[in-house]
Amino acid sequence: MFRRTTPSEPDTLKLSQGRLPSPVAPLKEGRGPLRPRPLFVYPPFFLERRNTMKILYAASEATPFAKSGGLADVAGSLPKALVKDGVDARVIMPLYGDLKMRDKLEYVTNYSVPVGWRSQYCGLFKAEVNGVTYYFLDNEYYFKRRGLYGFYDDGERFAFFSRAVLETLFYIDFTPDIINCNDWQTALVPVYLNLYYRHLDKFNRIKTIFTIHNIAYQGKYGTDILEDTCGIGHRDQHIVEYDGCANFMKGAFETADKITTVSPTYAQEILDPWFSYGLDALLREKQYKLCGILNGIDMEANNPATDPQIPFNYDVTNVEEGKAKCKEALQDKFGLHKDGSPVFAMVSRMVGMKGFDLVQSIADGLVDRGIELVILGSGESQYENFFSDLCARHPGRVGTYIGFEPALSQEIYAGADVFIMPSKSEPCGLAQMVACRYGTPPIVRETGGLRDSIHDSTMGEGNGFTFAGYNAHELYVACCNAQNAYYDKENWKNLVHHCMECDFSWDVSAKSYEGLYNETANLW
């Protein structure tokens, strides 16, 4: 029987300043919202505040305006959840050339921003969506391009953006208590704040938090960029110098008041050289201000009861009927046999980091066991070619779509029986949460946010199937366990219900962020 997990010891990180997290109550019997693993939770007294907390969320992308990855989902959802809870949270981002919803933008003003030895134009626009105020920083030379990143002058572009974030505060009627910076594109904000603005009355009480979404991307450039382009003089260059080059993320580690990651497990993993991409020694020095909070998902945008992209809407009360119809439609779309076999699916970028090398090793074995595969994604040619060939070799058993279609991904979440996510490293991951929301138990490797959100159900509890070692054999065993469980219909029904009842909403994560913001605001 699949039962809800009742954790005996909360799996949390130790708080800085010697403060301990509040106890997590056991899960109650009966149907209701739940979260598989306790979050990094701040004690209630951190949540008490006399005045409305003001947060400026600085990010290089945010939904619904611009998106290239998970950062946009976080920047679009967390501020909305904070505003709903009474926090004055606002977002600031670049005004890209292909920005969506441009008709909602309102011009505010323009001003000059220092960039090294020169000044550059910056236009300020704003919009309000879902109760959240968004500020957009305009410079057509830097941002009127197709795409968000990958240009030869990205270092200069986001040095300008980081400086412009602070200059903008002179021109708006908003002084934040906290500036929450995200990834290397905004890593120079706390550096510039401490070097050039801290002595001013408007800035002397502002605190900064730096959030790592993926430590692999650090903003590394030659040291010659620092003075001429970034405007950081020789005396202060040690703040951002690391391992013989300029490292924007390192500068944020040195100057931010707190460092966060997008899951508690990832906060521990990046202290290990295998995960840290060279920054583990520095992070161990800064461990006193490091913590992890698990991301959430937008429960309304990912709701099988209202999703217009899927063939049949359903909720936990009629999930058996709904998923059966969605599965049939998915099999029709990919030309798969309808012989009662379980459908295992992947929706991901086709890169080794996402575990495609493991799936490649066992794909033929899974098909031979009577499992149907559906693969959606694009990326490295070796994987695109392999899964296209796999589809040709197993007609009616494998369906492959090279590319990405958001509507098709929703159909896969709803129509598949099992979702495969065997990542080598996964700071948080959202797909496993979306899969649970649609009643599709995931198979994940125990790393990062996958470990924090999914627990193995092989022994009769949990909300998915997990394996620890990064090897094809352990993934194959997990897939076999999932297939065997699928044919135990009564227990499978309980597992699917349990997955759908997991509470991965941002409302839960926002509470922990509020606690972090309040602690940080009172550091000094």
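Everything that follows concerns the structure shown earlier in this document.
Residues numbered from 1 in each chain as written. Predicted model: local features only at pLDDT ≥ 70, side-chain atom pairs only at ≥ 80, totals over all residues. Heavy atoms only, no water.

Chemist: Honestly, the environment of alanine 66 in this entry has me stumped. Any pointers?
Modeler: Structurally, alanine 66 can be placed in the loop between strand 1 (54-58) and helix 2 (70-84). Given a relative accessible area of 9%, alanine 66 falls into the buried group. Counting along the chain gives 32 residues from alanine 66 to aspartate 98, while the straight-line C-alpha distance between them is 8.0 Å. Discounting chain neighbours no more than four positions away, the residues touching alanine 66 are Glu61, Ala72, Met93, Tyr96, Leu99 and Leu148. (Helix = DSSP H or I, 4+ residues; strand = E, 2+ residues; numbered from the N terminus. Buried < 20%, exposed > 50% of the residue type's maximum accessible area, 1.4 Å probe, protein only. Contact = heavy atoms within 4.5 Å.)

Chemist: Got a minute to help me understand the sheet that holds strand 8 (residues 220-221) in this structure?
Modeler: Neighbouring strands of a sheet are bound in pairs by backbone hydrogen bonds; such pairs are parallel or else antiparallel. Spatially, 8-10-9 is the arrangement adopted by the three strands of the open sheet, whose pairing is antiparallel. Sheet topology places strand 8 and strand 9 (241-242) at the edges, where each strand pairs with a single neighbour. (Pairing = 2+ DSSP bridges.)

Chemist: Even after reading the chapter, I still don't get the packing of helix 12 (residues 356-368) against helix 13 (residues 381-393), so can you show me in this structure?
Modeler: If you want to describe how two helices pack, look at the angle between their axes and the distance between the axes. Taken N-terminus to C-terminus, the directions of helix 12 and helix 13 make an angle of 20 degrees; their axes are 11 Å apart at the nearest point. When the axes of helix 12 and helix 13 are compared, the pair comes out roughly parallel. Between helix 12 and helix 13 lies a crossing of left-handed hand. Counting all contacts with helix 12, which are made through Phe356, Asp357, Val359, Gln360, Ala363 and Asp364, the residues of helix 13 involved are Tyr383, Phe386, Phe387, Leu390 and Arg393. Residues that form the contact of helix 12 with helix 13 fall into these classes: seven nonpolar, one polar and three charged. (Axes fitted to C-alpha atoms, helices over the stretch in contact; angles between N-to-C directions. Parallel < 35°, antiparallel > 145°, perpendicular 65-115°, else oblique. Left-handed = near helix turned anticlockwise from the far one by under 90°. Nonpolar A, V, L, I, M, F, W, Y, C, P; charged D, E, K, R; others polar.)

Chemist: I tried to follow the nonpolar core on my own but got confused; where do I start?
Modeler: Grouped burial of nonpolar side chains is what soluble globular proteins tend to show. Ranked by size, the top nonpolar core spans 96 residues in total, and within it Phe136 and Tyr517 carry the most contacts. Considering every element that reaches this core, the biggest residue donor is helix 4 (residues 154-168), with seven residues. Those residues in contact with tyrosine 517 that sit more than four places away from it in its chain are Met53, Ile55, Tyr57, Leu78, Leu82, Ile178, Asn180 and Ile209. By size, the runner-up hydrophobic cluster in this structure holds 71 residues, among which are Ile310, Leu450, Ala478 and Ala485. (Core = buried A, V, L, I, M, F, W, Y, C linked by side-chain atoms within 4.5 Å.)

Chemist: Where do I start with the packing of aromatic side chains in this structure?
Modeler: Centre-to-centre distance and the angle between the planes together describe a pair of aromatic rings. In total, this model carries 32 aromatic pairs according to the counting rule given. Each residue in the set Tyr96, Tyr141, Tyr142, Phe143, Tyr149, Phe158, Phe160, Phe161, Trp184, Tyr221 and Phe248 is aromatic and connected to the rest through ring pairs, giving one cluster. Its guanidinium or amino end placed over the ring of tryptophan 117, arginine 118 lies 5.1 Å from that ring's centre, counting from NZ or CZ. Above the ring of phenylalanine 151, the side-chain terminus of arginine 145 is found at 5.0 Å from the ring centroid. (Phe/Tyr/Trp six-rings, centres within 6.5 Å; stacked < 30°, edge-to-face > 60°. Lys NZ or Arg CZ within 6 Å of the ring centre and 35° of its normal.)

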